[in-house]
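# Commentary on secondary and tertiary structure
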Amino acid sequence: MLAYWGKKRKLVNILRFSETGAVELYELEKEPGNMFIPLIVDGKNVEPFEIVENEQISMF
């Protein structure tokens, strides 16, 4: 799933969400393999993430 991260709106690939919907793990789109863990306070991300693209699973 792709999203823009932070004030500079860097494109990131979200790898995992928490139960509350916060992003737990992501990697920069231009640097795959370098994973980052964002700061989460009270079940919400401190830095904003704006979802750009949702992956859809086909049942066919």
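Look up: the structure comes first, before these words.
The present account deals with the structure reproduced in this document.

Time to look at the pattern of salt bridges. Under the defined criterion, the tally for this structure stands at two salt bridges. Between Glu 50 and Arg 9 there is a salt bridge; the shortest N-O distance is 2.6 Å. Of the two residues, Glu 50 is situated in strand β7 (residues 49-53) and Arg 9 in the loop between β1 (2-5) and β2 (10-17); the sequence distance between them amounts to 41 residues. In this structure Glu 50 comes out as partly exposed when scored by relative accessible area, which is 42%. Of the charged contacts in the structure, one is a salt bridge between Arg 16 and Glu 24, with a shortest N-O distance of 3.1 Å. Taking the relative accessible area as the measure of exposure, Arg 16 reaches 45% and is therefore partly exposed.

One open sheet holds the five strands; their spatial order is β4-β3-β2-β1-β7, and the pairing between them is antiparallel. Each edge of the sheet is formed by a strand with only one pairing partner; in this case those strands are β4 (35-36) and β7. Bridge analysis of β2 against strand β3 (residues 23-28) gives five bridges, and the strand direction is antiparallel. Opposite Val 12, over in β3, you have Leu 28 as the bridge partner.

Once that is clear, we can look at the packing of aromatic side chains. Evaluated as defined, the whole model comprises three aromatic pairs. Geometrically, the ring pair formed by Tyr 26 and Phe 49 is edge-to-face, given 5.5 Å between the ring centres and 65° between the ring planes. In this pair, Tyr 26 sits in strand β3 while Phe 49 sits in strand β7, placing the two residues 23 residues apart along the sequence. No difference in accessibility class separates Tyr 26 from Phe 49, as the two residues are buried. The rings of Trp 5, Tyr 26, Phe 36 and Phe 49 are connected pair by pair, giving a single aromatic cluster. The cationic tip of Arg 9 hangs over the ring face of Tyr 4; the distance from NZ or CZ to the ring centre is 4.2 Å.

Calculation notes
- Residues numbered from 1 in each chain as written.
- Predicted model: local features only at pLDDT ≥ 70, side-chain atom pairs only at ≥ 80, totals over all residues.
- Heavy atoms only, no water.
- Salt bridge = Lys/Arg side-chain N within 4 Å of Asp/Glu carboxyl O.
- Helix = DSSP H or I, 4+ residues; strand = E, 2+ residues; numbered from the N terminus.
- Buried < 20%, exposed > 50% of the residue type's maximum accessible area, 1.4 Å probe, protein only.
- Pairing = 2+ DSSP bridges.
- Phe/Tyr/Trp six-rings, centres within 6.5 Å; stacked < 30°, edge-to-face > 60°.
- Lys NZ or Arg CZ within 6 Å of the ring centre and 35° of its normal.

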